[in-house]
Amino acid sequence: MKTRTPWRPLLRNELLVDHIPMVPWILGGAYCLGNWFLAGWAPLAMLTNLCQGDIAAFFSSFGNVCFPFLFLWLFIVLMWIGTKTVPGVVPMATYEFYFTRAIARRSFYRARMMVLGAVVLGPLVLNLFVALRSPDLVLKPGDSPALSKHGEPLDSYLRAFPGAHPKVVRPSLANQKVHELVRLEVEGLPAITTPSLANQEVHELVLPRATLVYAAWLLWGGTLGLLAMQCYCACMAKHVSRRFGSVLIFAGLPFLPAVFLLVFFHDLTTALAEANFLFFANHWAALALAVAVAIPGVEWLAERRFDELEIS
Amino acid sequence: MDPYIIETKNVSRSFGKNPAVQNLNLRVRRGSIYGFLGRNGAGKTTALKMLAGLLWPDAGEIRVNGVAPAQFTVQDRWKIGYVSEKQILMPGMRVAALLQFSSQFYPGWDFGVCERMLRRFKIDPQKRIKTLSQGTARQVALLLALAQKPDLLILDEPAANLDVVARRDFLDEMLQLLREEGKTALLSSHILSDVERVADEIGILVRGKLKISEPLDHLKETVKQARFFGFARGLDTFAVPEAFRLTKTRDEALATLRIQDDTTLPKLAAAHQCQYELIHLNLEDIFVEIVREGEE
């Protein structure tokens, strides 16, 4: 006789298929899917469009927002996992129904995390596929916050991307004019066009497969963040009661050190994003393997803790 | 097969420093309807949740269908229906969708019971749970528990929020199902007239301790109230050590006690040189007397 919990109804339930009338479900789904694709495209778009594929310029411009954004993202993920797996965050009685049906708690938990993982990490996986067909990234060494801050040699990038090769670019006059205008306006000087640099050459370092590494880095970081939040929820679940204060502590606890880090080590966090990217680029195989091994480990721990939860 | 579907040995559970259940030794016979009674806060819900595998005991051992709730498998869950005191169903789901969702987890799901009860309770299956009244949502929860055809039904205040007619209908349906197929039910309720109507056995929980656990008929036959009057030497020294409760007025005493045999009361009256009158009690009276034990 079949003794396993059927997956189909659990997944349908997690996707709220029968919970919402069909038209709002389709409209809501389309809206979420749109955002989902947008979120998948955004990290690469920031790099390739806003920074013209210059990785160092990207970290220079957005390095300081990387961590606040990461913590915001982690907070959203935490609250999402919390509402799905921590009975104290939502009324306990909603769990009572599931926990007293012929549903294996572990299957129920796995179904929840599967849907949640697909929604959270899906855009980053999508990003990885887009990266396969994106142009190579380049590096203008003077733009790198990590390199300029710590005076590290260019070797970091060369080590991470062994196939890197220099490229000489002669900027068009039109581009130069725009750059000059922007620079002068920013500096508060009158916008005067100076067509003097037309024959000046710019040296760039082309980093082959860096786009893919960048997308993989985001996916790796996202997976690590998701696992960390899953682990945190699994360990905290039985300590979170329905009191508002308890939920507040649960939600705020992992982010207090983050806020401290951001406020007091602002300069460091700017360079940290790039340093982290370079570290990943240098050891991507080992780091990816570590996360791949951690996934079943964390899932096992979290399912076990979920299995032991009490509903009072 | 074990004659008892539920068996607990010295089960205790506390919340912080507050003991909710203390040394609970409960045995529920297969095929019986067991009325689990107690005042608010007596520990009924905690005990039922431990039996349903929602809470774990601090000490002691629980066996439901021969299995400890912590080890319940999906197969074990097929055999246990549970309706909690404050059951929340998925508010956005239609009744029909909820029945369909639940049916997929039970191989023995009985759509016939669903149809019969939907008709009997006059529930529109196309309505969403959030649009139902509290009582109707409760009926749906009960329907879900009955349709899975469990060996054991654990019902915590099943008739709360139901009107008299719906309550009667539910009890009839439950009785029909249980009697036809020799199933067992453990139900807690504050509506003692309902319990008296359906229960075979009664357990009374007082401050977390099981005070009484016996067949209802035996309880009603043996627990009586006696009015003692016409004391020749006054009633200052009058005492009934085995009484659940003894109330004295100026010239008479009222004792609720278990009468072991026909000689108990005559002996007591002769010893105190008084007369007595026997008063038969219904379940509600017995319950009140027992939970008030020790009160003057």
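Reading guide: rules and limits
Residues numbered from 1 in each chain as written. Chains lettered and ligands numbered in written order. Predicted model: local features only at pLDDT ≥ 70, side-chain atom pairs only at ≥ 80, totals over all residues. Helix = DSSP H or I, 4+ residues; strand = E, 2+ residues; numbered from the N terminus. Buried ≥ 20, exposed ≤ 12 C-beta atoms within 10 Å, placed from the backbone. Contact = placed C-beta atoms within 7 Å. Axes fitted to C-alpha atoms, helices over the stretch in contact; angles between N-to-C directions. Parallel < 35°, antiparallel > 145°, perpendicular 65-115°, else oblique. Left-handed = near helix turned anticlockwise from the far one by under 90°. Nonpolar A, V, L, I, M, F, W, Y, C, P; charged D, E, K, R; others polar. Arc of directions from axis to C-beta. Pairing = 2+ DSSP bridges. Core = buried A, V, L, I, M, F, W, Y, C linked by C-beta atoms within 7 Å. Domains from an automatic or database assignment. pLDDT = per-residue confidence, 0-100.

Re the overall build of chain A
(1) Moving on: The number of helices and strands found in chain A is 13 helices and three strands.
(2) Moving on: Split into buried and exposed, the 312 residues of chain A put 31% on the buried side.
(3) Moving on: Pairs at least 24 apart in sequence give 84% of the contacts found in chain A among residues at least 6 apart.

What about the packing of helix H5 (residues 105-132) of chain A against helix H13 (residues 284-307) of chain A?
Residue and element names in this part refer to chain A.
(1) Moving on: Where H5 contacts H13, the two axes come as close as 9 Å, and the packing angle between them is 130 degrees. The orientation of H5 with respect to H13, classified from their angle, is oblique. H13 is crossed by H5, and the crossing has right-handed handedness. Taking contact as the criterion, the partners of Arg-105, Arg-106, Tyr-109 and Arg-110 in H5 are, on H13, Ala-302, Glu-303, Phe-306 and Asp-307.
(2) Moving on: Among the residues making up the contact of H5 with H13, the classes are represented as three nonpolar, no polar and five charged.

Brief notes about the interface of chain B and chain A
(1) Moving on: Counting from both sides, the interface comprises 25 residues of chain B and, opposite them, 25 residues of chain A.
(2) Moving on: No other element matches helix H2 (residues 74-78) of chain B, which puts four residues into the side of chain B that touches chain A.
(3) Moving on: Looking at the side of chain B that touches chain A residue by residue, the classes come out as 16 nonpolar, seven polar and two charged.

Details of helix H4 (residues 111-121) of chain B
Residues and elements named next belong to chain B.
(1) Moving on: For H4, the complete set of buried residues consists of Cys-114, Met-117 and Phe-121. The arc that holds every buried residue of H4, seen down its axis, measures 80 degrees, which confines them to one face. Looking at H4, the residues exposed on the side facing more than 90 degrees away from the buried face are Phe-111, Gly-112 and Arg-119.
(2) Moving on: Elements in contact with the buried residues of H4: helix H3 (95-103), helix H5 (134-147) and helix H6 (164-181).

Details of the sheet that holds strand E6 (residues 80-83) of chain B
All names here are of chain B.
(1) Moving on: Spatially, the six strands line up as an open sheet ordered E6-E7-E8-E4-E9-E10, and their pairing is mixed. Looking along the sheet, the strands with just one partner apiece sit at the ends: E6 and strand E10 (209-215). This sheet shows a mean twist of 15 degrees between the axes of neighbouring strands, independent of strand direction.
(2) Moving on: Relative to strand E9 (residues 201-206), strand E4 (residues 33-38) runs parallel, the two sharing five bridges. Each residue of the ladder has a partner; that of Leu-37, found in E9, is Ile-204.

What about the nonpolar core?
It is characteristic of soluble globular proteins that their nonpolar side chains tend to be buried jointly.
Residue and element names in this part refer to chain B.
(1) Moving on: Judged by nonpolar contacts, the single largest core of 108 residues is most densely connected at Leu-51, Leu-98, Val-140, Ile-154 and Leu-186.
(2) Moving on: The leading source of residues in this core is H5, at nine residues.
(3) Moving on: Taken together, domain 1 (4-207) and domain 2 (219-291) each give at least three residues to this core, which thus spans both.
(4) Moving on: Setting aside chain neighbours within four positions, we find Leu-98 in contact with Leu-89, Met-90, Met-93, Ile-129 and Val-140.

Some details on the sheet that holds strand E13 (residues 252-258) of chain B
All names here are of chain B.
(1) Moving on: Reading across the sheet, the four strands line up as E12-E13-E11-E14 and stay open at both edges, with antiparallel pairing between neighbours. The sheet terminates laterally at strand E12 (243-248) and strand E14 (275-279), the two strands that pair on one side only. Each adjacent strand pair in this sheet contributes to an overall mean axis angle of 20 degrees, direction not counted.
(2) Moving on: As paired elements, strand E11 (residues 223-229) and E13 share seven bridges and run antiparallel to each other. Paired with Arg-227 across the two strands is Leu-254, which belongs to E13.

Considerations on the domain arrangement of chain B
Accessible area lost upon the coming together of the parts is a frequently used measure of interface size.
Residue and element names in this part refer to chain B.
(1) Moving on: By the assigned domains, chain B splits into domain 1 (4-207) and domain 2 (219-291).
(2) Moving on: Using C-alpha coordinates to define each centre, domain 1 is positioned 37 Å away from domain 2.
(3) Moving on: For the side of domain 1 that touches domain 2, the elements supplying multiple residues, two or more each, are helix H7 (192-198) and E9.
(4) Moving on: Class assignment of the residues belonging to the side of domain 1 that touches domain 2 gives a composition of six nonpolar, no polar and two charged.

Focus on the pairing of strand E8 (residues 184-188) of chain B
Residue and element names in this part refer to chain B.
(1) Moving on: Within E8, five of the five residues are buried, which leaves the element mostly enclosed by the surrounding structure.
(2) Moving on: With burial as the criterion, each face of E8 is covered, one bearing Thr-184, Leu-186 and Ser-188 and the other bearing Ala-185 and Leu-187.
(3) Moving on: Sheet topology note: the E4/E8 ladder contains four bridges and is parallel. What sits directly across from Phe-36, in E8, is Ser-188.

Considering the pairing of strand E2 (residues 18-24) of chain B
All names here are of chain B.
(1) Moving on: Bridge count between strand E1 (residues 4-15) and E2: four bridges; the pairing is antiparallel. Bridge pairing links Phe-15 to Asn-18 in E2.
(2) Moving on: What sits between the antiparallel neighbours E1 and E2 is a turn of two residues, in which Gly-16 has the positive phi angle 65 degrees.

Observations regarding the packing of H4(B) against H5(B)
All names here are of chain B.
(1) Moving on: Here H4 crosses H5 at 155 degrees, and the two axes come no closer than 9 Å. In terms of axis orientation, H4 runs roughly antiparallel to H5. Between H4 and H5 lies a crossing whose hand is right-handed. Residue-level inspection shows Val-113, Cys-114, Met-117 and Phe-121 of H4 in contact with H5, the latter providing Gln-139, Leu-143, Leu-146 and Ala-147.

Looking at the confidence of the model for chain B
A low pLDDT score tells you not to read the predicted coordinates there in detail.
Residues and elements named next belong to chain B.
(1) Moving on: On average, chain B scores 90 in pLDDT, and the residues at 70 or more come to 99%.
(2) Moving on: Within chain B, strand E5 (residues 59-64) carries the highest mean pLDDT (96), whereas H6 carries the lowest (81).
(3) Moving on: Both confidence scores are given for the complex: pTM 0.85, ipTM 0.87.

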